[in-house]
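Overview (structure and organization)
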Amino acid sequence: MCKIGSPLLSFLLCSLCTPLQNLIDNKILLYNSDNTISPIHDIDYRDLENIFENSPFRPMFSQYAYEFLNGKKTILEKQKLLCKLARNAEIVGWEHLNFRYGKMLARNKQYYDAQKVFSCLSASFNKLNIMNVIFIAINSYRTGEYNLAIEEFNTIDWNELQYNKVKFYYLFYIGKSYNNIGRTKQAAETLEEALKYVETNSREYVQTLNVLHMYYFEINDTVDKSKKYFNIIKNEYREMFPDIWANTMRGCHNFLKFDDAINVLCEAERLLNDELEIAYIKTTKGFLYAKNDQLSDAKEIFYESSRTIKKLRLHEYSYAANNYAICCMLEQNYQEAIEVLQEALLWNRTEYGNIVLQNHLMVCTLYLHQEQETERYYSFLKNYVEKYSQIDTIMKRKLYINLAIVSNELNLEIDKNSYLKQCESLVKGTSSEWRYYYLLNNNSNNNPIPRPKEQCSNTLYFEPWFLVYAHD
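Residues numbered from 1 in each chain as written. Predicted model: local features only at pLDDT ≥ 70, side-chain atom pairs only at ≥ 80, totals over all residues. Heavy atoms only, no water.

**Details of the side chain of Thr-283**
With respect to the helices and strands, Thr-283 occurs in helix H16 (residues 275–291). Apart from residues lying up to four places away in sequence, Thr-283 is in contact with Ile-301, Phe-302, Ser-305, Ile-309, Ala-320, Asn-323, Leu-467, Val-468 and Tyr-469. (Helix = DSSP H or I, 4+ residues; strand = E, 2+ residues; numbered from the N terminus. Contact = heavy atoms within 4.5 Å.)

Right, dumping it as structure tokens:
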């Protein structure tokens, strides 16, 4: 037997004299009585697999390993390994084997695991049918891969979609993907088109009205349409679709006063059984408590809901985390806030969330005297508002006020005055109005608006920018 320093190298050289199929069966993988696989000899299966990754032996190795596993009945993770080996060996039909496995994972709500499988099929869509591709694109949406979802939907020939329900889901999910990359107007237009392919009063129809009511709230000059759709669901669909009704109420703060909104949200929470959906509802409740100066309750709710959402749908964690960070900022605990915001930015997948998080990071770094970081966030947001003039009025107002506050702290008087001028027409009747006049009048008492009692509205350190899960 060859004597070479490394047991691994020794084993590999000796194995060259052994048929590869026997190597798999007798030297690498051992099928145990408890339905698990163990490596034998002195190497780990995965190490050997990595060695073969770029080797001409790779397809042969994968095929023999595939045949070994295929002969066993109940090996744990067998299906996952079979899919990878079939793919590596290019066994006929590997694409369908992988799709079926990914679909099973997605059906079990293991969307992120499914996405890993589907990512290997991107060059093989021509081997799959249209319904498979739509399923993959929807899973990309569910995991926060919005640009990828749009790309995948766009590989589909619209003329080949034969059924109205299929056309609906195509438009519904590509429309929601548009919204999450900042193309809200295009998203609303797409969902309006989707309504043509489902029956009025169907579940899909009401779900789409729910999403549209929030899109229109974000688009300039369409708030009346938003309120119309909200009231249609609120007044007509509680009994027919209680879960959709409850989810629509996530946006009730836009149209109801505090006490009424809290009552509606509590009723919505009672109607839901899904832990994730309840966490979304609680996030809106936390927002209302914060706006009503009940910060302790708000902070607790944001913390609880963020933990739940992080566990169940990681890429949506950033919204509740952002709100928790705001509570820390209102307490002037900027160090804790910045840690939460940085993690939220890591997992965030929406364009809107990205801007909000960087806005708050700019403020935190300012008061922590992290000058270089402040400058980086400041420059990014400054360039953003200059480049994208069509962003919604709420976004403009929040950005302009925060940029004005930071400009003032950095003694950039010209920039401060420029931002205040740009938000002059946006502040009337909003939570920014008093803060705007305070900045405009150089902190004098000559303010036409009485100082609000709520800390969210009267803090001078920043303009709080909360996020809620107002629609699916």
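Still more to cover.
**What to know about unusual backbone geometry**
Look at Lys-109: it is not a glycine, yet its phi comes out positive at around 65°. For Asn-411, which is not a glycine, the phi torsion comes out positive at approximately 60°. Relative to the elements of secondary structure, Asn-411 occurs in the loop between helix H22 (393–409) and helix H23 (413–422). Owing to a relative accessible area of 67%, Asn-411 belongs among the exposed residues under this scheme. (Buried < 20%, exposed > 50% of the residue type's maximum accessible area, 1.4 Å probe, protein only.)

**Remarks on the nonpolar core**
By size, the foremost hydrophobic cluster in this structure holds 137 residues, and its most contacted members are Leu-121, Phe-153, Phe-302, Met-329 and Leu-399. A total of 11 residues in this core trace back to one element, the largest contributor, which is helix H18 (residues 317–330). In this structure, Leu-121 is in contact with Trp-94, Glu-95, Asn-98, Phe-99, Leu-128 and Ile-136, ignoring residues within four places of it in sequence. (Core = buried A, V, L, I, M, F, W, Y, C linked by side-chain atoms within 4.5 Å.)

**What to know about the confidence of the model for the protein chain**
Summary statistics for the protein chain give a mean pLDDT of 86 and a share of 80% for residues scoring 70 or more. Below a pLDDT of 50 lies the segment residues 1–27, which in the model reaches 38 contacts outside its immediate sequence neighbourhood of four places, other chains included. (pLDDT = per-residue confidence, 0-100.)

**Regarding the state of the cysteines**
Throughout the structure, instances matching the rule amount to zero disulfides. Here Cys-328 is not disulfide-linked; the sulfur of Cys-327 is the nearest cysteine sulfur, at 7.0 Å. For Cys-456, which is in no disulfide, the shortest distance to another cysteine sulfur is to Cys-327 and amounts to 7.1 Å. (Disulfide = S-S within 2.5 Å.)

**Here we look at H22**
The first and last C-alpha atoms of H22 sit 24 Å apart over 17 residues, in line with the 24 Å expected at 1.5 Å per residue. The buried count for H22 comes to 13 of 17 residues, which makes it a mostly enclosed element. Between the side-chain oxygen of the N-cap and the backbone nitrogen of Ile-394 there are 3.0 Å, and the N-cap of H22 in question is Asp-392. Directly beyond the C-terminal end of H22, a positive phi value near 60° is found at Asn-411. (Expected span 1.5 Å × (residues − 1). Polar contact = N/O pair within 3.5 Å; in protein donor to acceptor, adjacent residues only side chain to side chain.)

**Details of the packing of helix H10 (residues 164–180) against helix H11 (residues 184–194)**
Helix-helix packing is described using two parameters, namely the angle between the two axes and the distance between the axes. Two elements in contact, H10 and H11, have axes whose closest approach is 7 Å; the angle formed by their N-to-C orientations is 165°. Judged by the inter-axis angle, H10 sits roughly antiparallel to H11. Regarding H10 and H11, the two cross each other, and that crossing is left-handed. Every residue of H11 that contacts H10 at Phe-168, Leu-171, Phe-172, Ile-174, Gly-175, Tyr-178 and Asn-179 is listed here: Thr-184, Gln-186, Ala-187, Thr-190, Leu-191, Glu-193 and Ala-194. (Axes fitted to C-alpha atoms, helices over the stretch in contact; angles between N-to-C directions. Parallel < 35°, antiparallel > 145°, perpendicular 65-115°, else oblique. Left-handed = near helix turned anticlockwise from the far one by under 90°.)

**What about the pattern of salt bridges?**
Pairs may arise between side chains of opposite charge once their charged atoms sit close together. According to the stated counting rule, one finds 17 salt bridges in the structure shown. In this structure, the salt-bridge partner of Glu-343 is Lys-310, at a minimum N-O distance of 2.4 Å. A residue pair is termed long-range when its members are at least 10 positions apart, and Glu-343 in helix H19 (residues 334–347) and Lys-310 in helix H17 (residues 295–312) qualify at 33 residues. The partly exposed category is assigned to Glu-343, whose relative accessible area is 26%. On the accessibility criterion, Lys-310 (26% relative accessible area) is partly exposed. Glu-413 is the salt-bridge partner of Lys-416, the closest N and O atoms lying 3.9 Å from each other. Taken together, the positions of Lys-416 and Glu-413, both in helix H23 and three residues apart, correspond to about one turn of that helix. Residue Lys-416 is classed as buried on the basis of its relative accessible area of 2%. One network of salt bridges, in which partners are shared, links Arg-397, Lys-398, Arg-435 and Glu-463. (Salt bridge = Lys/Arg side-chain N within 4 Å of Asp/Glu carboxyl O.)

**Details of the packing of aromatic side chains**
Per the stated rule, a full pass over the model turns up 29 aromatic pairs. Here Tyr-367 and Tyr-461 contribute two aromatic rings whose centre-to-centre distance is 5.5 Å and whose plane-to-plane angle is 90°, an arrangement assigned as edge-to-face. Taken together, the residues Tyr-367 in helix H20 (residues 351–367) and Tyr-461 in the segment after helix H25 (455–458) connect sequence positions 94 residues apart. Accessibility expressed as a relative area gives 38% for Tyr-461, which makes it partly exposed. (Phe/Tyr/Trp six-rings, centres within 6.5 Å; stacked < 30°, edge-to-face > 60°.)

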